[in-house]
Amino acid sequence: MLGFTKNDLAKYPFLKQTAEHVKKLGLKIEELTNTEMAPILDRAEERVKNAILSVSVGTKRENDVELPSFPVAIMLAIATQNSFIKKRYALAEAKQAFSDMQFETREKLLAIAADFNWKIELNRSTAVPLEFALNFADYLRNTVHLRDSNWKLVNRILINGTVYLNKHDVARLLQEEVQRRIEKRLETKELPNFPEKITQIAQQLLALAKERLGIEEMEGFPKVVTQSAFPPCIAALYEAASKGRHLSHIGRFTLTSFLVNIGMTPEKVNELFKSFSDYNERLTRYQVEHIAGERGSRTRYTPPQCATLQTHGVCTNSDNLCRKIRHPLKYYKYKQRR
Amino acid sequence: MAAFSQEVVYTKFSEFYKTSSEVLPLPTLAKQREFAFLLFKERVMIRHRNFPDLNRLKTFLNETVPSDIYHSCAYYENPEAEMDRKGWLGADLVFDIDADHIPTSCNKIHDEWTCGKCGFNGKGITPENCPICGSQKFDAKTWPCDQCLNSAKEETAKLIDMLEKDFGFSPKELHVFFSGHRGYHVHVENETVRTLDAIARKEIVDYVSGLGLTVLTEKTKAKTRKKGASNVFGLHDFGWNKRLKRGMQKFILNAAKEDLRHVGVRSYAAVLQNKEAILKRCLEENRWTSVKGVSIETWARIAEHVKNLESAKIDTVVTSDIHRLIRMAGTLHGKTGLKKIEFPAARLMEFDPFKEAVAFKDGTVKVFVSDVPEFRLGESMFGPYRRQAVELPTAAAVLLICKGRAEDVS
């Protein structure tokens, strides 16, 4: 396998090899506030700040600052204890990686992909005019959040378990992988004892995010149920249910979870299902309360997203607003406001 | 089924699990799977059980005699724990093809429905509204017929073709089963797909169903492009494009006026007159605008129709559910008394479910049949019977009782 240069490690600080390199430097949290470490801390702060302001990470500095600034930036993001900042920072790093990776040689891209254990190789067949051959499972794992229909597996060349891709696509999929790896590092629940200075910077970053982006708690839904704001899929399910027509399992789940999420009480939802021929009060109550999060695992379930409803044939009569949203609850929220 | 009739089925199932010399095939990594059982009398599901070895499972079956036996497709750290404490490790990729979901040439004439409100009944596909009282609640009784199972087989063949050629699964990783009722199951046991989440599996479902193919909607995009409509419809020779191409070739070659009109092609005359030119210029040379009088919209329409023919009609929910319980191979189906049975994918076309899945080979049972179409089991034909008592081989009698079409009178 091709080795990475120190430049590479600075450019791609999320690589396992970079982590090993930084480990050797033996940085300690307590020493971060020492004056000779100031440039590193400064660069780290800049990384997160830029992420908040413009989803970027700023200009690179010399390798000896750049390299250790990444784990410090991770620490700062963790110290903010804010999930929005963490997400945004991971995205910013991943985007930076993408724009760098596009200009790398194929071999270097393969080496980065190998760091994530991808099953990927150069395409040796002349029949397909694309440079890379990637295992379809790796492809699927990294297209989950990509919305363009171009990324759907059905629109790709899939032969014998391999998806054929050009360099741009491979770099884009690696971006997803990078983002996930960084998000995972940010997930940590146990907070170390941060020095005063670090906590201070984190507080400033948090204040900045609040000021610039107005991150507030997600607004809840108004308590009144507005039937006219139902998306077409829910309207169809609702009508079918009120007439006692048979609903598929996923149809019932979608309707129930939608209704409890917009503030309908489990009792009201129960009423709705009473006209079913296979109605069983005890069972229905149990299931509805389960979905509402009042039983069992105590998680309130949300309805499936639009793409899932399409797969299972629940999506129906989609209209213009449907094209702009990806989730039935978004549709409701949007329409109800107007 | 009436309590008395249920007794016979229970006894037969019990004998089967006690004496069947055939060893039940335990699923791979059985000790990481959840097992579940449906009980005859109580109709309740016993869940969250685990049987690391066959002997313990057999003892349990002898004691409880369930009507149906399932195991999880998923592998868990603690298969006996509650759902959120199980520790999901992965799951086989499973497909379920059921004749219920497929339109068939028999038109389901053997199925019966009864209005839940006024009791009016009829045969065939259950209507939207009761023709007498307008109610929308029905009780339906289905029947597994040769034609239904053959159409399920054709869908399974298309699925297997995609799983082998496009997804590259080896025959060793593909396990094909008759479900014991109205369809087929395909289980894929493969290291790389085991950990795929529900969303990734949904993409596989969309692939197999041809959902979201952009070649079919390209024409709407063309309008916004300045270049004009030339070459917006195009097909290359790989993946779904290849399937569409092959399918369109076949469709156009055999198409009569009625077929084209059925698909919604208004310029059918132009298509019929230019078949040769179409096959050569469009399908071979990818020059789709070269045939006068046939628009891009027409190609998109035909392609859409061909997509429906080439896609495999699977139960979409089963495949994307990563905790799914599925019937255990070698066990009996409570609605038929037939076995879920595995066979090599290569034997799909010659596989005969009404022969190879028969579990009860000895003896006869006297039953009173309410109504049943002519049917085949093994080499023999039976029926049609209507309100009459007959003495039938055990397998046939159990099938009728399980399907609610007969009562035990012995």
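Residues numbered from 1 in each chain as written. Chains lettered and ligands numbered in written order. Predicted model: local features only at pLDDT ≥ 70, side-chain atom pairs only at ≥ 80, totals over all residues. Heavy atoms only, no water.

A. Region of the structure containing the domain arrangement of chain A. By domain assignment, chain A separates into domain 1 (6-97 + 183-213), domain 2 (100-179) and domain 3 (227-337). Once you take the C-alpha centre of each, domain 2 of chain A and domain 3 of chain A turn out to be 37 Å apart. (Domains from an automatic or database assignment.)

B. Representation of empty space enclosed by the protein within the structure. All names here are of chain A. Within this structure, the stated rule accounts for one cavity of 30 Å³ or more. Size it by volume and the largest cavity reaches roughly 60 Å³. Taken together, 13 residues make up the lining of the largest cavity; nearest its centre are Lys 11, Arg 47, Val 57, Lys 60 and Gln 96. Grouping the amino acids of the lining of the largest cavity by side-chain chemistry returns five nonpolar, two polar and six charged. (1 Å grid on protein atoms, 1.4 Å probe; cavity = no way out; pocket = protein on both sides within 12 Å on 5 of 7 lines; lining within 4 Å. Points joined across faces, edges and corners; volume = space filled by probe spheres on them. Nonpolar A, V, L, I, M, F, W, Y, C, P; charged D, E, K, R; others polar.)

C. Representation of the packing of helix H3 (residues 38-54) of chain A against helix H5 (residues 83-101) of chain A. Residue and element names in this part refer to chain A. Across the interface, H3 lies against H5 with an axial gap of 9 Å and an inter-helix angle of 95°. What the angle tells us is that H3 and H5 run roughly perpendicular. Residue-level inspection shows Arg 47, Val 48, Ala 51, Ile 52, Leu 53 and Ser 54 of H3 in contact with H5, the latter providing Ile 85, Arg 88, Tyr 89, Ala 92 and Glu 93. (Axes fitted to C-alpha atoms, helices over the stretch in contact; angles between N-to-C directions. Helix = DSSP H or I, 4+ residues; strand = E, 2+ residues; numbered from the N terminus. Parallel < 35°, antiparallel > 145°, perpendicular 65-115°, else oblique. Contact = heavy atoms within 4.5 Å.)

D. Broad picture of the environment of Ala 113 of chain A. All names here are of chain A. Take Ala 113: it is sitting in helix H6 (residues 106-115). It is 22 Å that separates the C-alpha atoms of Ala 113 and Ile 74, two residues lying 39 residues apart in sequence. Among all residues touching Ala 113, those that are not within four sequence positions of it are Trp 118, Ile 120 and Leu 174.

E. Structural view of the environment of Phe 230 of chain A. Residues and elements named next belong to chain A. Turning to its location among the elements, Phe 230 is positioned in the loop between helix H9 (196-213) and helix H10 (232-242). By relative accessible area, Phe 230 is classed as buried at 5%. For Phe 230 and Tyr 332, which are 102 residues apart along the polypeptide, the C-alpha to C-alpha distance reads 5.6 Å. Setting aside anything within four residues of it in sequence, one finds Phe 230 in contact with Val 225, Ala 235, Tyr 238, Phe 258, Leu 259, Ile 262, Tyr 331 and Tyr 332. (Buried < 20%, exposed > 50% of the residue type's maximum accessible area, 1.4 Å probe, protein only.)

F. Structural view of the domain arrangement of chain B. Residue and element names in this part refer to chain B. Each assigned domain of chain B is listed with its residue range as follows: domain 1 (21-100 + 148-205 + 315-358), domain 2 (107-144), domain 3 (214-310) and domain 4 (359-410). Domain 1 puts five residues into the contact, and the matching count from domain 3 is seven residues. Summing both partners gives a buried area of about 400 Å² for domain 1 against domain 3, and 33% of it is carried by carbon and sulfur. It is Lys 158, Met 162 and Asp 166 that lose the most area in domain 1 upon contact with domain 3, and together they represent 81% of the buried surface on that side. A salt bridge links Arg 243 to Asp 166; its shortest N-O distance comes to 3.1 Å. Applying the counting rule to domain 1 against domain 3 returns three residue pairs in polar contact (both at pLDDT 80 or more). Counted by class, the side of domain 1 that touches domain 3 contains one nonpolar, no polar and four charged residues. (Buried area = accessible area lost by both parts, 1.4 Å probe. Salt bridge = Lys/Arg side-chain N within 4 Å of Asp/Glu carboxyl O. Polar contact = N/O pair within 3.5 Å; in protein donor to acceptor, adjacent residues only side chain to side chain.)

G. Geometry of the sheet that holds strand E6 (residues 93-98) of chain B. All names here are of chain B. Taken in spatial order, the four strands make up an open sheet running E6-E11-E10-E13, and their pairing is antiparallel. Across the chains shown, the open sheet's two edge strands, defined by having one partner strand only, are E6 and strand E13 (341-343). On average, each strand axis in the sheet is inclined to that of its neighbour by 25°, with strand direction left out of account. Of the strand pairs in this sheet, strand E10 (residues 174-178) and E13 are connected by three bridges, and their pairing is antiparallel. Directly across from Val 176, in E13, lies its bridge partner Phe 343. (Pairing = 2+ DSSP bridges.)

H. Representation of the interface of chain B and chain A in the model. If you look at the interface, chain B gives 35 residues, while chain A gives 34 residues. Of the roughly 2900 Å² buried between chain B and chain A on both sides combined, carbon and sulfur atoms contribute 60%. Taken together, chain B and chain A are joined by two salt bridges. When the shortest N-O distance is used, the salt bridge between Glu 203 of chain B and Lys 152 of chain A registers 3.0 Å. Here chain B is connected to chain A by 15 residue pairs in polar contact (both at pLDDT 80 or more). Among the elements that take part in the side of chain B that touches chain A, helix H5 (residues 198-209) of chain B stands out by supplying eight residues, more than any other. Of the residues that constitute the side of chain B that touches chain A, the class distribution is 15 nonpolar, 11 polar and nine charged.

I. Quick look at the pattern of salt bridges. A full pass over the atoms with the stated rule returns 48 salt bridges over all chains. For Lys 108 of chain A, the salt bridge is made with Asp 8 of chain A, and the minimal N-O distance between the two is 2.9 Å. A residue pair is termed long-range when its members are at least 10 positions apart, and Lys 108 of chain A in helix H6 and Asp 8 of chain A in helix H1 (residues 6-11) qualify at 100 residues. For Asp 8 of chain A, a relative accessible area of 3% translates into the label buried. Ionic pairing is found between Lys 307 of chain B and Glu 304 of chain B, a salt bridge with its closest N-O pair at 3.4 Å. With Lys 307 of chain B and Glu 304 of chain B both in helix H11 (residues 296-310) and three residues apart, the pair spans about one turn of that helix.

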